[in-house]
Amino acid sequence: MARKAKSATKDTASINPGESISAGERQRMIAEAAYFRAMQRGFNGGSSLDDWLAAEREINRLLPSPQQQKQERAAYDKLRAGVTKVLSEARDTVNAETLKQAFERATAELKKTGEYTAETVGKITTTLRKDMTSAAMKMGPKWEAFSEKSSDLFGVWRDRGSVFLGRAAEAVADWLHQAGSKLEQQIYRTGEMVDSGTFECTGCGERVVLRTPAHLPPCAKCRKMEFRRV
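Residues numbered from 1 in each chain as written. Predicted model: local features only at pLDDT ≥ 70, side-chain atom pairs only at ≥ 80, totals over all residues. Heavy atoms only, no water.

### Side note on the packing of helix α4 (residues 66–89) against helix α5 (residues 96–113)
- The N-to-C vectors of α4 and α5 enclose an angle of 135°; their axes lie 8 Å apart at closest approach. In terms of axis orientation, α4 runs oblique to α5. With respect to the hand of their crossing, α4 and α5 are arranged in right-handed fashion. Here A75, K78, L79, G82, V83, V86, L87 and E89 of α4 lie close against α5, whose contacting residues are T98, L99, A102, F103, R105, A106, T107 and L110. (Axes fitted to C-alpha atoms, helices over the stretch in contact; angles between N-to-C directions. Helix = DSSP H or I, 4+ residues; strand = E, 2+ residues; numbered from the N terminus. Parallel < 35°, antiparallel > 145°, perpendicular 65-115°, else oblique. Left-handed = near helix turned anticlockwise from the far one by under 90°. Contact = heavy atoms within 4.5 Å.)

Written out as structure tokens, the structure reads:
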């Protein structure tokens, strides 16, 4: 019975709070990339050192350093808090422009601190938009359906009256519609700073659960680096 139940569910790996991509994981990925480089030329000619250095450059482009991970986590938390603050200030009037302005104001405030590079701000803004879009898609046409499933950014509006919540649901739907095809496919990549939740590998279906915001690791099963939030 236990075997049957296990085969009926997808494999899931759980990531502990605060865990990020370790130095050991980075080294292993470099070693794998160097090996595949050598394999592609049939292990003939070339240099193992050159393979390693090329693989190291490739992985370093994909994965932030431990210091970068800390900076991106801090920037993500601040940007998310900034967006939440702007949304919480919305009262009688709420529409798609409200959501757009929330991002713009929070991003401007984060840049104003001078603590983070433009690249870091750009990366986490992109990810937060993905997270917000995923929440909007889960929400669907009714506020009630969303509030039972998620406590994402829109949760700051839950205690408002039914009239406001109805307008808020319409505003989120309008914002999602205006975002268009650019946000239809929510693909997250290894090394990307993301909010907590469950992510499914696009290659093999393996799932990883992040208990807190963290950087996505590669798939533990097939080593691919693309995921969808589920």
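So that's the structure; there's more coming.
### As for the pattern of salt bridges
- Taken as a whole and assessed by the stated rule, the structure comprises 14 salt bridges.
- The partner of R41 in a salt bridge is D51, with the nearest N and O atoms 2.7 Å apart. With R41 in the loop between α2 (23–40) and α3 (48–62) and D51 in helix α3, the pair connects residues that are 10 residues apart, well separated along the chain.
- By relative accessible area, D51 is classed as buried at 10%.
- Between R80 and D195 there is a salt bridge, with its nearest N and O atoms 3.3 Å apart. (Salt bridge = Lys/Arg side-chain N within 4 Å of Asp/Glu carboxyl O. Buried < 20%, exposed > 50% of the residue type's maximum accessible area, 1.4 Å probe, protein only.)

### Examining the environment of F36
- Mapped onto the elements, F36 comes out in helix α2.
- Judged by relative accessible area, which is 41%, F36 ranks as partly exposed.

### What about the pairing of strand β4 (residues 197–201)?
- Most of β4 is tucked away: 4 of the 5 residues are buried.
- In terms of strand pairing, β4 meets strand β5 (residues 207–210) through 4 bridges, oriented antiparallel. Residue pairing across strands places E200 opposite R207, the latter belonging to β5.
- Between the antiparallel neighbours β4 and β5 lie 5 residues, among them G205 with a positive phi of about 90°.
- Bridge count for β4 against strand β7 (residues 226–229) is 3 bridges, and the pairing is antiparallel. Opposite F199, over in β7, you have R229 as the bridge partner. (Pairing = 2+ DSSP bridges.)

### Notes on a nonpolar patch on the surface
- Residues Y35, F36, M39 and F43 make up a contiguous nonpolar surface patch of about 420 Å² in total accessible area.
- Residue class for F43 comes out partly exposed when judged on its relative accessible area of 47%. (Patch = residues over 30% accessible without salt bridge, like charges linked within 9 Å, V, L, I, M, F, W, Y side chains within 5 Å. Areas by Shrake-Rupley, 256 points an atom, 1.4 Å probe, with all protein chains shown as cover.)

### Quick notes on the nonpolar core
- Formed by 31 residues in total, the largest nonpolar core has its most connected members in V83, L87, L99, M132, F154 and W157.
- When residues of this core are traced back to their parent elements, those giving at least two are α4, α5, α6 (118–139) and α8 (162–179).
- Counting residues in hydrophobic clusters, the runner-up holds 10 residues, among them Y188, F199, A214 and F227. (Core = buried A, V, L, I, M, F, W, Y, C linked by side-chain atoms within 4.5 Å.)

### Concerning the environment of R129
- Assignment of secondary structure puts R129 in helix α6.
- In this structure, the C-alpha to C-alpha distance between R129 and A179, residues 50 residues apart in sequence, is 9.9 Å.
- Ignoring any residue separated from it by four or fewer positions in sequence, one finds R129 in contact with F103 and W175.

### Re the packing of aromatic side chains
- What the rule picks out here adds up to 6 aromatic pairs.
- Judged by centre distance (5.8 Å) and plane angle (80°), the ring pair of W157 and F164 falls under edge-to-face.
- In this structure W157 comes out as buried when scored by relative accessible area, which is 0%.
- These aromatic residues form a ring-pair network of at least three members: Y35, F36 and F43.
- Just above the ring of Y188 sits the side chain of K130; from NZ or CZ to the centre is 5.2 Å.
- One Lys or Arg, R160, reaches over the ring of F164 and ends 4.7 Å from the middle of that ring. (Phe/Tyr/Trp six-rings, centres within 6.5 Å; stacked < 30°, edge-to-face > 60°. Lys NZ or Arg CZ within 6 Å of the ring centre and 35° of its normal.)

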